[in-house]
Amino acid sequence: MNADLHCHSSVSDGCLDPAALVRRARDNGVDLLALTDHDELGGVAEAAAEAALLGMRFVAGVEISVTYGDETVHIVGLGVDPDDPLLCAGLARVREGREGRAERIAAELERAGLRGTLAGARRLARNPAMIGRAHFARHLVACGLMPDVRTVFEHYLARGKPGFVSHRWAELAEAVGWIHGAGGIAVVAHPARYHRLPAAALEKLFDDFTAVGGEGVEVVAGSHTPDEMLRFASLARRRGLLASRASDFHSADESLVDVGRCRPLPPDLVPVWSRLP
Ligand code: AMP
Ligand code: MN
Ligand code: MN
Ligand code: MN
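Residues numbered from 1 in each chain as written. Chains lettered and ligands numbered in written order. Predicted model: local features only at pLDDT ≥ 70, side-chain atom pairs only at ≥ 80, totals over all residues. Heavy atoms only, no water.

**Student:** Account for the domain arrangement of the protein, naming residues and giving values.
**Tutor:** Each assigned domain of the protein is listed with its residue range as follows: domain 1 (3-95 + 169-275) and domain 2 (99-157). Where domain 1 abuts domain 2, roughly 1000 Å² becomes buried across the two surfaces, and 46% of that area is made up of carbon and sulfur atoms. Looking only at domain 1, the three residues that lose the most surface to domain 2 are D13, R95 and E254, adding up to 40% of its buried area. Run the count over domain 1 and domain 2 and you get 2 salt bridges. Residue D17 pairs with R126 through a salt bridge whose shortest N-O separation is 2.8 Å. For the interface between domain 1 and domain 2, the tally reads 7 residue pairs in polar contact (both at pLDDT 80 or more). Class assignment of the residues belonging to the side of domain 1 that touches domain 2 gives a composition of 5 nonpolar, 5 polar and 6 charged. (Domains from an automatic or database assignment. Buried area = accessible area lost by both parts, 1.4 Å probe. Salt bridge = Lys/Arg side-chain N within 4 Å of Asp/Glu carboxyl O. Polar contact = N/O pair within 3.5 Å; in protein donor to acceptor, adjacent residues only side chain to side chain. Nonpolar A, V, L, I, M, F, W, Y, C, P; charged D, E, K, R; others polar.)

**Student:** Go over the coordination of the manganese ion (ligand 2) with me, naming the residues and quoting the values.
**Tutor:** For the manganese ion (ligand 2), the full set of protein donor atoms is D13 (OD), D13 (OD), H38 (NE2) and H250 (NE2), and the range of their distances to it is 2.1 to 2.6 Å. Each of the 6 donor atoms around the manganese ion (ligand 2) contributes to a set of angles spanning 53 to 159°, which defines the coordination as irregular. Binding-site remark: the manganese ion (ligand 2) is held by donors from one chain whose sequence spacing is D-x24-H-x211-H. A separation of 5.7 Å is found between the manganese ion (ligand 2) and the manganese ion (ligand 3). Of this pair, D13 sits in the loop between β1 (3-4) and α1 (18-27) while H250 sits in the segment after β7 (242-246); the two residues are 237 residues apart in sequence, bridging distant segments of the chain. Pair check on accessibility: D13 and H250 agree, each one buried. (Donors = N, O, S within 2.8 Å, 3.2 Å for Na, K, Ca; no water. Tetrahedral: all angles 85-135°; square planar, octahedral: opposite > 155°, others 65-115°. Helix = DSSP H or I, 4+ residues; strand = E, 2+ residues; numbered from the N terminus. Buried < 20%, exposed > 50% of the residue type's maximum accessible area, 1.4 Å probe, protein only.)

What follows is the structure, encoded as structure tokens:
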């Protein structure tokens, strides 16, 4: 069973339109796909229609930006009803913050000597409501100022760099509540990426997540090393969490792992897709 339960289309910061993403997943042998755009369900209908045409299993998903302490944590919702009014209203509120944040990012980049980045990022954000750091990074690459997106993050957009601005997203409990209200399963995305949380704080994140009913964790993730995969496999066992498999694919040029091409889950874990329709 080739399940890939985390990827992005151009409705957030992926580079492929939803239908093209689904076709790429099918070509890569995916049996079950979840589209999980950031804070946005607008690509789900197109992706679901294409998957139906191809006879591929598909579930609606979303990757919600959450502020936990002063860290940004991503919570993936799988199998959500994309028309659920409370989920849609919550996501709309999260998206609303992006425009002002983009203006602040551009102002900081200007102080660092980079002019006109807001217009450039806007041109690359096919969904204007979903402008994000990836669009700023692609603009600076397209200008020839930086060699690749990763380098832009390293020099300008990661925390502590000149173009980073702090921002408050959703609360953990409300994000999990929106997902559950919409009939979905909540999963902690790419846990190894929260480097700033010391081990005890990461355990506390999972305590708080399970206290509000969160069910799963990405064990296999595009950004996880083999050691990190083993670490979160053992966390899933210890805490009785469902395990997810997630390329986090954005584009062929930028992503470490193509859609549907992640490692298999360790066979003793309970896969999150055993609970999906
Ligand atoms: P935002 O939601 O606007 O803060 O953007 C977060 C997105 O930026 C992530 O989902 C990735 O697509 C991208 N991103 C974050 N860190 C990096 C990095 N170090 N290299 C490349 N892309 C990154
Ligand atoms: Mn992204
Ligand atoms: Mn993420
Ligand atoms: Mn993602």
